[in-house]
Amino acid sequence: MVTFLTSSPTGDLDGKFRVDGIDYRNGFCEVLRTYWKENSRCLIVSASPDEIERNEEFAHFWFHALDVSGLSCTGVDLLDARTMDISREEIQAYDVIVLGGGHVPTQNAFLHKMSLREKMEGFDGIVIGISAGSMNAADVVYAQPEEEGESLDPDYQRFLPGLGLTDINILPHYQMLKDSWLDGQRLFEDITFPDSLGKKFLAIPDGSYVVIRDGYVSIHGEAWKITPEKMERIHFS
């Protein structure tokens, strides 16, 4: 298995950097191409399993992005509320599994409801995490509060069991969220920094990504390592 943890693999989420296809910054499309099989079969794991229309739209968008970037794909299937009884054998038959973006706890609950961690064990293809999907790829997921009230809710679970693909906690869309406030607090300095104790928090902007292959981790593009005391900027290309 080769795992790509991305913030957004198809351009900036805020629209400031647009790409028709798969993002080429930091060599993402070309690195992905080195592992891509001809006529790959893709499965998208939704973060919003009940939002059928939204899921269908993203599947069409993803197929188009692959097509214009020259990544051969015979079809894109959806794993959402309609198909959650999928078997381990069916999962293993795909070449590419895309962990979609959305609300982390919502996707996390869906992953466990269908036992995806167990069904993906031994998967030998490509896994691409997008935003929430990259976050839920971790062994222990950090569900960074994002909606009003979550950081103040004593019942909100910030740490959740994930898919176990990495021990890195990705924090996506850093270029958009670095100065954000939530519930009267600074999202990073007041909420996230204290939560990082003993963890591997890595904030990445859209366009940056992490590759994990045979236990080796490489970071492509800008990234910030977070500790309770500070953020340390690192950059690889």
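Residues numbered from 1 in each chain as written. Predicted model: local features only at pLDDT ≥ 70, side-chain atom pairs only at ≥ 80, totals over all residues. Heavy atoms only, no water.

Engineer: Tell me about the pairing of strand β13 (residues 216-226), residues and numbers included.
Structural biologist: When a strand is regular, its side chains alternate between the sheet's two faces. Note that strand β11 (residues 201-203) and β13 share 3 bridges and pair antiparallel. Paired with L202 across the bridge in β13 is K225. Turn length for the strand β12 (residues 209-213)-β13 hairpin, with the two strands adjacent in sequence and antiparallel, is 2 residues, and the turn residue D214 shows positive phi of about 55 degrees. (Pairing = 2+ DSSP bridges. Helix = DSSP H or I, 4+ residues; strand = E, 2+ residues; numbered from the N terminus.)

Engineer: Tell me about the pattern of salt bridges, residues and numbers included.
Structural biologist: Taken as a whole, this structure holds 13 salt bridges when the rule is applied. Between R158 and D195 there is a salt bridge, with the nearest N and O atoms lying 2.7 Å from each other. On the criterion of sequence distance, the pair formed by R158 in the loop between β6 (140-142) and β7 (159-161) and D195 in helix α8 (residues 187-195) is long-range, its members being 37 residues apart. D195 sits in the buried class, given a relative accessible area of 15%. Here R186 makes a salt bridge to D190, at a shortest N to O gap of 2.9 Å. On the basis of relative accessibility, which here comes to 30%, the residue D190 falls in the partly exposed class. If you follow the salt bridges from partner to partner, you end up with D12, D23 and R25 in one network. (Salt bridge = Lys/Arg side-chain N within 4 Å of Asp/Glu carboxyl O. Buried < 20%, exposed > 50% of the residue type's maximum accessible area, 1.4 Å probe, protein only.)

Engineer: Break down the side chain of R25 for me, citing the residues and quoting the values.
Structural biologist: Along the chain, the position of R25 falls in the loop between β1 (2-6) and α1 (28-35). A polar atom in the side chain of R25 sits 2.7 Å from the side chain of D23. If we ignore the near neighbours within four places in the chain, the residues touching R25 are G11, D12, F17, D206, G207 and Y209. (Polar contact = N/O pair within 3.5 Å; in protein donor to acceptor, adjacent residues only side chain to side chain. Contact = heavy atoms within 4.5 Å.)

Engineer: Please set out the environment of V140 residue by residue, giving values where relevant.
Structural biologist: With respect to the element layout, V140 can be found in strand β6. Along the chain, V140 and G215 lie 75 residues apart, while their C-alpha atoms are 17 Å from each other. In this structure, V140 is in contact with F159, L160, N169 and K199, ignoring residues within four places of it in sequence.

Engineer: Pulling in residues and values, what's your account of the packing of aromatic side chains?
Structural biologist: Enumeration according to the criterion identifies 11 aromatic pairs in this entry. A ring pair is formed by F28 and Y209, whose centres lie 4.9 Å apart and whose planes are at 70 degrees; its orientation type is edge-to-face. Here the residue F28 occupies a position in helix α1, and Y209 occupies one in strand β12, the gap between them amounting to 181 residues. By relative accessible area, which is 3% here, F28 ends up buried. For Y209, a relative accessible area of 1% corresponds to the buried category. With 6.0 Å between their ring centres and 35 degrees between their planes, F58 and F61 make a pair best called tilted. Remark: F61 and F58 occur in helix α2 (residues 52-68); sequence separation between them is 3 residues, near one turn of the helix. Relative accessible area serves as the criterion here: at 26%, F58 is assigned to the partly exposed category. Feature note: the residues F4, F28, Y35 and Y209 constitute an aromatic cluster, connected by ring pairs. Across the ring face of F17, the terminal group of R25 is positioned such that the distance to the ring centre comes to 3.9 Å. (Phe/Tyr/Trp six-rings, centres within 6.5 Å; stacked < 30°, edge-to-face > 60°. Lys NZ or Arg CZ within 6 Å of the ring centre and 35° of its normal.)

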